[in-house]
Amino acid sequence: MTLATDPRSLLYTPGQLAPDEAQKLVGSALAACEDGELFLQFTASEAFGFDDGRLKTADYSREAGFGLRGVSGETTGFAHANEISAAAIRRAGETLTLLDPAQGTRPAPPARTNRHLYTDTSPLDLVPFAKKVALLEAIDAAARARDPRVAQVSASLSASWSVVEILRADNFGGAGPVLDVRPLVRLNVSIVAEQNGRRETGSFGMGGRWLYDRLFEPESWNRAIDTALAQALTNLESVAAPAGEMQVLLAPGWPGVLLHEAVGHGLEGDFNRKGTSAFSGRIGERVAAPGVTVVDDGSLAGRRGSLSVDDEGTPTQENVLIEDGILKGYIQDRLNARLMGVAPTGNGRRESYAHAPMPRMTNTFMRAGNDDPAELLSRMKNGIFAKSFGGGQVDITSGKFVFSCTEAYLVENGKLGAPIKGATLIGDGPSVLTRVTGIGHDLALDEGVGVCGKGGQSVPAGVGQPTLLVEGLTVGGTG
């Protein structure tokens with residue numbers, strides 16, 4: 001189904017809602033509120049799953065709706081509907097009459113930007129259905145031909161195209177609503193290898209805010225196959241992981257998900273305003289080893305976690321959270337920034353129109369240092385090298401985390417040893433940052449597959465880091 005050439009026509013329908021009418025409704029509904037917005041959204045998405053040599057799923061969906069939020073003091077009123085019409089917005093506005101009238105000074109509207117970090121074009125229409133299926137078939141066939149030990153191949157292809165318009169009672173200082181059109185694509189390959197009755201899995205994915213063309217390049221999808229297969233075959237040779245406190249060398253790129261979970265969430269404004277984060281009240285204090293600089297940057301072109309503007313209309317930016325080990329600031333949306341007396345950082349995000357925004361990470365990473373990764377490895381006596389991670393959990397209040405390794409190796413006397421299975425990393429974010437003793441010069445961002453969960457909402461996110469040497473990290477093993 002071909003989407004409209006004018007994205008705004010997907011939000012405004014003659015007889016239902018006109019742009020001028022929407023602006024008047026917002027002005028009326030938010031007249032007594034300190035802050036708030038009308039968030040209009042249309043989203044088209046598709047997903048294809050290829051498994052056991054056949055197409056198993058092919059889903060396509062379209063959805064449109066709005067979220068109306070009003071803020072007075074610390075209280076938020078929010079209503080949403082999957083119908084974009086004047087009548088529905090009026091009904092939603094009735095919810096906001098329950099708020100106490102604003103007592104404080106209304107904050108200034110977000111600054112405007114003409115920056116576009118990604119194309120407005122929809123990825124869904126540019127490639128025919130048959131070509132998408134053919135790509136998955138080619139991946140399946142190529143993976144099985146790589147090695148006789150390949151027992152199962154799963155490949156998935158997905159994309160979404162979201163049109164967002166944000167309206168405020170102050171009409172963004174008279175500049176008019178903010179429109180943002182957001183593409184997102186992703187390819188995943190998972191391979192199960194079998195040898196002598198033992199089965200192990202390897203996986204790899206890539207994506208970003210761009211069109212399908214990169215994923216259809218043979219170099220890209222063959223790299224996905226090779227990486228997933230190499231991980232599966234490596235794990236076939238794995239031995240039981242050791243347990244105890246030891247040196248851990250973290251690979252660059254995706255292992256930055258540990259930083260995202262163990263540290264990033266603890267630097268979000270709402271947790272710190274409420275005093276529930278391990279980093280609360282510590283601005284200006286040393287919270288990490290010298291050389292550790294942590295950044296959240298939603299303004300990187302084409303990255304999965306990037307946004308031209310956040311879901312409140314604030315332009316995204318580079319935010320230095322920890323600089324040379326010193327805590328410099330938190331991630332903020334408009335509500336928490338106002339209550340904490342600081343400026344918004346462009347991190348007000350929501351899963352969709354059906355959710356209110358909250359402070360969320362975009363692309364969170366540690367900057368590169370000056371160390372040679374090979375030299376960092378040579379420093380190790382006994383420990384593990386963690387190359388890739390699976391799932392993890394973190395407690396925001398304490399910063400304690402548990403992460404499972406999907407590919408890791410023993411390290412003995414500065415040399416990589418056998419691959420290991422069943423390793424988990426256990427610790428707490430603030431403590432881990434103080435134990436960093438080496439920072440590589442090889443910063444890498446992840447390949448574009450991250451999903452961040454918070455408060456029942458999921459949003460795309462990016463992570464990254466250079467090679468890191470950490471002393472005294474607890475490893476939970478099976479050996």
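For the structure itself, look to the data block above.
This section reports on the structure supplied with the text. Only a predicted model underlies this, so the values are computations on that prediction, with no experimental measurement involved.

Further remarks concern the overall build of the protein chain. Along the backbone of the protein chain there are 10 helices and 24 strands. Rg of the C-alpha trace for the protein chain: 24 Å, near the compact-globule value of 23 Å for 479 residues, within the 12% margin. Seen through its C-alpha atoms, the protein chain measures out along the principal axes to roughly 70 × 55 × 30 Å. Each of the 479 residues in the protein chain was classed as buried or not, and the buried ones make up 54%. Of the accessible surface of the protein chain, which amounts to about 19,000 Å², a share of 50% is contributed by carbon and sulfur atoms.

By the element assignment, Ser-162 lies in strand 4 (residues 150-167). A distance of 2.9 Å separates polar atoms of two side chains, one belonging to Ser-162 and the other to Gln-41. Discounting chain neighbours no more than four positions away, the residues touching Ser-162 are Gln-41, Phe-42, Thr-43, Asp-180, Val-181 and Arg-182.

Among the residues making up helix 2 (residues 86-96), those that are buried are Ala-86, Ala-88, Ile-89, Ala-92, Gly-93 and Leu-96. Looking straight down helix 2, one finds that the buried residues subtend no more than 155° of arc, so they occupy a single side.

Moving on: the sheet that holds strand 23 (residues 462-465). The 6 strands lie next to each other as 11-10-9-14-23-20, forming an open sheet whose pairing is mixed. Strands at the two margins of the open sheet, each flanked by one partner only, are strand 11 (326-327) and strand 20 (444-445). Summarising the sheet, strand 9 (residues 294-297) and strand 14 (residues 363-366) pair through 3 bridges and their orientation is antiparallel. Within the sheet, the bridge partner assigned to Asp-296 lies in strand 14 and is Thr-364. Sitting on the sheet, helix 6 (residues 256-264) is in contact with strand 9, strand 10 (318-323), strand 14 and strand 23, with an inclination near 110° to strand 23.

A few words now on the packing of aromatic side chains. All told, the structure shown has 5 aromatic pairs when counted by the stated rule. When the centroid spacing of 5.7 Å and the interplanar angle of 65° are considered together, the rings of Phe-389 and Phe-403 count as edge-to-face. Placement of Phe-389 in strand 15 (residues 382-394) and of Phe-403 in strand 16 (residues 400-412) is noted, with a sequence separation of 14 residues between them. Under the relative-accessibility criterion, Phe-403 is labelled buried at 1%.

Quick look at the pairing of strand 2 (residues 54-72) now. Consecutive residues of a regular strand have side chains that alternate between opposite faces of the sheet. When strand 1 (residues 35-51) meets strand 2, the two strands line up antiparallel, connected through 17 bridges. Across the sheet, Ser-45 pairs through a bridge with Ser-61, a residue of strand 2. Remark: 2 residues form the turn of the hairpin made by strand 1 and strand 2, two consecutive strands paired antiparallel; Asp-52 in that turn has positive phi of roughly 55°. Joining the antiparallel neighbours strand 2 and strand 3 (residues 75-81) is a turn of 2 residues, in which Gly-73 adopts a positive phi near 65°.

Rules used in this analysis
- Residues numbered from 1 in each chain as written.
- Predicted model: local features only at pLDDT ≥ 70, side-chain atom pairs only at ≥ 80, totals over all residues.
- Heavy atoms only, no water.
- Helix = DSSP H or I, 4+ residues; strand = E, 2+ residues; numbered from the N terminus.
- Rg over C-alpha atoms; globule rule 2.2 N^0.38 Å.
- Buried < 20%, exposed > 50% of the residue type's maximum accessible area, 1.4 Å probe, protein only.
- Areas by Shrake-Rupley, 256 points an atom, 1.4 Å probe, with all protein chains shown as cover.
- Polar contact = N/O pair within 3.5 Å; in protein donor to acceptor, adjacent residues only side chain to side chain.
- Contact = heavy atoms within 4.5 Å.
- Arc of directions from axis to C-beta.
- Pairing = 2+ DSSP bridges.
- Axes fitted to C-alpha atoms, helices over the stretch in contact; angles between N-to-C directions.
- Phe/Tyr/Trp six-rings, centres within 6.5 Å; stacked < 30°, edge-to-face > 60°.

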